[in-house]
Amino acid sequence: MTAVEEEATVPAAAAATPRAAGLIRTAWAFPQAKVGTALTAIVVLVAVLGPWLGPVLTGHSTTDFAGKPFKPDGLTGTDGLGRDVLTRFLAGGSTLLLYAVLATALGLVLGAAIGMIAGYRGGWLDAVLMRGNDVLLSFPQLVIALLAIAVIGPQGWLLVLVIGLTHAPRTARVARQATVAVRGQDYIRAAEMYAVPRSQILLREILPNITGPLMVEVGLRLTYSIGYLASLSFLGLGIQPPAADWGLMINENRIALVVQPWGVLLPVVAIALLAVGTNLVADSLASAAAGRTRKVRS
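Residues numbered from 1 in each chain as written. Predicted model: local features only at pLDDT ≥ 70, side-chain atom pairs only at ≥ 80, totals over all residues. Heavy atoms only, no water.

Per an unreviewed UniProt entry, the protein chain is named ABC transporter permease, and its organism is Amycolatopsis ultiminotia. Check the Sequence similarities (unreviewed entry) section of the UniProt entry for the protein chain; it says "Belongs to the binding-protein-dependent transport system permease family." In its Subcellular location (unreviewed entry) section, the UniProt record describing the protein chain reads: "Cell membrane". (UniProt positions renumbered as here; feature names shortened; annotations may be inferred.)

This is the structure we're talking about:
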């Protein structure tokens, strides 16, 4: 690349970080962003530190026999197999959170790549990619996951792969729309005029300018990933026993909800707080990306 070509691509790429930082600052001005961040941070801390804190606080591992089944003694009692509920709750969020983040990242990267290529190239390639995208969108995500798990079995990598792949078409539509909106800008035409490779135009010119919609997609897809993973575990098709998992805990302890409610209430509350928190953050990012600013009372 010549010096002139480099100068043509520098402005948009150099503006990527300030633009993303400005979006985050604008979103942070909304009260719901602070609430969402606080809720998400609490659950993430529990999920990350829980596997180490559980045995220290209770003296039991996730598989130790701690007392009679569904005995409401101690802090949170025991489950149907006599295992300590608090220990399993503290250890049950790490895998869910890890799988949700990986599935969201996979869906975002793949969907953004497809959407950017379709939106920038246009023509027959755009039509082929988007029609194939529409076919995938016609199938419910949970049904695709159930079918894949029924054929291959409940494997961790399969959960991440299926959920990530089913996120990709939805992210692709957002990325394509955002790409179409910016592909006619002067800095794109300048890069094309200087024969900058298309891959660099996509990565250095278009991608930095569609970070707003993509950041919103991160929050939305993460929320859906959490819900799908918890649902599959509840159905017995996600993370398998004897592993500790919040969705699995709900299924294991629902038969004794009246006698010993903690085995169900703790994971339900944690999943709900995490989903609400990420949703509030995503809504704030969407509002910031749309150019809305918080009204400050004088």
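Right, picking up where we left off after that structure.
**Q** Describe the overall build of the protein chain, and please don't skip the residues or the numbers.
**A** On a plain count of helices and strands, the protein chain comes out with 13 helices and 0 strands. Across the protein chain, helices and strands are ordered from the amino to the carboxyl terminus as α-α-α-α-α-α-α-α-α-α-α-α-α. Expressed along its principal axes, the backbone C-alpha trace of the protein chain runs to roughly 75 × 55 × 30 Å. With 298 residues in all, the protein chain has 43% of them scored as buried. (Helix = DSSP H or I, 4+ residues; strand = E, 2+ residues; numbered from the N terminus. Buried < 20%, exposed > 50% of the residue type's maximum accessible area, 1.4 Å probe, protein only.)

**Q** Tell me about the UniProt feature "transmembrane region" (unreviewed entry) in the protein chain, residues and numbers included.
**A** As recorded in UniProt, the feature "transmembrane region" (unreviewed entry) lies at residues 35–53, 96–119, 139–166, 222–239 and 259–282. Its end C-alpha atoms 18 Å apart, residues 222–239 is made of 72% helix and 0% strand. Along residues 259–282 one finds 88% helix and 0% strand; the C-alpha atoms at either end are 38 Å apart.

**Q** Summarise a nonpolar patch on the surface; cite the residues concerned and give the values.
**A** Taken together, the side chains of Leu-110, Leu-147, Val-151, Ile-152, Trp-157, Leu-161 and Leu-165 make up a nonpolar region of the molecular surface, amounting to roughly 680 Å² of accessible area. Summarising the element assignment, Val-151 is placed in helix α7 (residues 141–152). Residue class for Val-151 comes out exposed when judged on its relative accessible area of 64%. (Patch = residues over 30% accessible without salt bridge, like charges linked within 9 Å, V, L, I, M, F, W, Y side chains within 5 Å. Areas by Shrake-Rupley, 256 points an atom, 1.4 Å probe, with all protein chains shown as cover. Salt bridge = Lys/Arg side-chain N within 4 Å of Asp/Glu carboxyl O.)

**Q** Give me helix α12 (residues 246–253): which residues, what numbers.
**A** Of all 8 residues making up α12, 6 are buried, and the element is well covered by its neighbours. Along α12, the residues classified as buried are Trp-246, Gly-247, Leu-248, Met-249, Ile-250 and Asn-253. Structurally, α12 contributes buried residues whose contacts are with α3 (31–58), α4 (85–91), α5 (93–121), α11 (211–234) and α13 (262–289). N-capping of α12 is provided by Asp-245, with a side-chain oxygen placed 3.1 Å from the backbone N of Gly-247. (Contact = heavy atoms within 4.5 Å. Polar contact = N/O pair within 3.5 Å; in protein donor to acceptor, adjacent residues only side chain to side chain.)

**Q** Explain the pattern of salt bridges to me, using residue names and the numbers behind them.
**A** According to the stated counting rule, one finds 7 salt bridges in the structure shown. Across the pair Arg-83 and Asp-79 runs a salt bridge whose closest N-O atoms are separated by 2.9 Å. The residues Arg-83 and Asp-79 share a single accessibility class, namely buried. Between Asp-126 and Arg-176 there is a salt bridge, and its shortest N-O distance comes to 2.8 Å. Here Asp-126 is found in helix α6 (residues 123–137), whereas its partner Arg-176 is found in helix α8 (residues 156–182), with 50 residues between them in sequence. Residue Arg-176 is classed as partly exposed on the basis of its relative accessible area of 27%. Salt bridges here are not isolated pairs; linked through shared partners, they connect Asp-79, Arg-83, Arg-88 and Glu-252.

**Q** Could you give me a rundown of unusual backbone geometry, with the residues and numbers involved?
**A** Cis geometry is found at the peptide bond from Pro-241 to Pro-242, where omega equals 10°. Following the sequence through the fold, Pro-242 ends up in the loop between α11 and α12. The backbone of Phe-70 sits at a positive phi, close to 55°, despite the residue not being glycine. Mapped onto the fold, Phe-70 is located in the loop between α3 and α4. Judged by its relative accessible area of 18%, Phe-70 is buried.

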